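Structural characterization, general
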Amino acid sequence: MRKEGQNMRKVKREVTIGNLTIGGHNPVAVQTMLNVRADDVAGNVAQAVRVAEAGCQIVRVSVPTLEDVRLIEAIKNAVDIPLVADIHFNHRIALACVDAGVDKIRLNPGNIGGEDHVKEVAAACKAKNIPIRIGVNAGSLEKEVLAKYGAPVPEALVESAMYHVSLLEKYDFDNIVISIKSSNVPRMMEAYRLLSERCDYPLHVGVTEAGTYRMGLIKSGMGIGGLLMEGIGDTLRVSLTDEPEKEVQAGFDILRAAGHAVGGPEIISCPTCGRTNIPVAKIADEVEQRLKGYKKPIKVAVMGCVVNGPGEAREADIGIAGGKDEALLFIRGEKIRILRGDIVGQLVDEIYKL
Ligand code: SF4
């Protein structure tokens, strides 16, 4: 049966990254990138553990120098989610990361010093079935492409991506994922649409340099969420100038909002108004906190009044609607009983009984 919100999924070829496969009909995978300095191995490992605990499904780390290749083994020993090495310009670092057991390389083959290097990296990755993500960013387009188009317009981003793809395909390498990011949401969305028409490589979607928490969330919600609703995107990264755990959380929230099946609770709470009887914001926050680690997909409603609450929260699995110093508990639209005293505690108990 067609899932609502996924009826137009553009089916791409499958690419396996360590123990995870993206593309095809696989769920869209949420990823993030560590932001601890590369020379701080212990700090990177600790952060990788935290993002894995937050549910992150693919984690990326910058490997700016050959010395930093030690991060690969250290992180691989600490977490069992696939690890991606982010590499610029230096094919030796890519080869060393492949030797060290990395699961995927993010690198643009046009920037690693010539075709001999591309050939070497492609052969090394092919031998170990390691995919390469080509990551085109509006801010770092090739000079010639920029000169041709005059600005990092969607066509320019696509041309750059396809140029990097052609370098790998020339050496018979097609284990490819592509991203084509811009901080400009309409431009980024159009670029992904064009790219999706041009090839069947799975797409890593994201808005780059999206900004601080608030604006980053809005831009990512629109850009990533908008593309997901059009069926585009096989893995996503929300870029925030903030902790990567927050990127992971935001990634799942965007997926959920776009109608994808995501485990864990979704809190539906009303905006409150003159009829509000209970502290909705406080209760919703507490419920969210108390359900951290709850894995089943469930919609929990916290509504301010009994007049409109249950009706407005019709799609919730369980919820409460506020009355005077009490709350009405409802489960799948049915009124169950009145809760008094520790309303949050009783609601959470009921959720665990479902
Ligand atoms: Fe107002 Fe009740 Fe609607 Fe909340 S559920 S916004 S309190 S009418």
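See the structure printed just above.
Positions within a chain are numbered from 1, following the residues in the order the chain's sequence is written. It should be noted that, the model being predicted, local features are given only for residues of pLDDT at least 70 and side-chain atom pairs only at 80 or more, the latter also being counted only at that level, while totals for whole chains, interfaces and linings use all residues. With hydrogens and water stripped out, all remaining heavy atoms of the structure feed into the side-chain values.

All right, on to the site of the ligand then. The ligand sits among Cys-270, Pro-271, Thr-272, Cys-273, Arg-275, Thr-276, Gly-304, Cys-305, Asn-308, Gly-309 and Glu-312. Among the residues forming the shell around the ligand, the class breakdown is four nonpolar, five polar and two charged. Nearness of a residue to a molecule or strand requires only that one of the residue's heavy atoms be within 4 Å of it. The residue classification treats Ala, Val, Leu, Ile, Met, Phe, Trp, Tyr, Cys and Pro as nonpolar and Asp, Glu, Lys and Arg as charged. All others, Gly included, are polar.

This part is about the environment of Lys-324. Helix and strand definitions follow DSSP, with helices as H or I runs of at least four residues and strands as E runs of at least two, each counted in order from the N terminus. Relative to the elements of secondary structure, Lys-324 occurs in the loop between β13 (318-323) and β14 (326-331). Here the alpha-carbon distance between Lys-324 and Cys-305, two residues 19 residues apart in the chain, equals 9.0 Å.

Moving on, we get to the sheet that holds strand β11 (residues 265-269). Any two strands with at least two DSSP bridges between them are considered paired. Spatial strand order, β11-β12-β13-β14-β15: five strands in an open sheet with mixed pairing. With partners counted over all chains shown, the strands left at the sheet margins are β11 and β15 (334-339), one partner each. For this sheet the average axis-to-axis angle between neighbouring strands, irrespective of direction, equals 20°. The pairing of β13 with β14 spans six bridges and is antiparallel. In this analysis, axes come from line fits to C-alpha atoms, helices being fitted only over the stretch in contact, and the angle between any two N-to-C directions falls in the range 0 to 180 degrees.

Attention shifts here to the pairing of strand β5 (residues 83-86). Here β5 shows no split at all, with Leu-83 and Ala-85 on one side and Val-84 and Asp-86 on the other all buried. Of the strand pairs in this sheet, strand β4 (residues 58-62) and β5 are connected by four bridges, and their pairing is parallel. Note on β5: the bridge partner recorded for Val-59 is Leu-83. Assignment of crossover handedness uses the view with strands pointing away from the viewer, where a clockwise path from the first strand over the helix to the second indicates a right-handed crossover. Running through helix α2 (residues 70-78), the crossover from β4 to the neighbouring parallel element β5 is right-handed. Pairing between β5 and strand β6 (residues 104-106): three bridges, direction parallel. Considered in β6, the bridge of Ala-85 is made with Ile-105. Chirality of the crossover, the property in question, places the unit of β5, helix α3 (residues 91-100) and β6 among those that are right-handed. Relative accessibility thresholds used throughout: buried, under 20% of the residue-type maximum; exposed, over 50%; partly exposed, between the two (1.4 Å probe, protein chains only).

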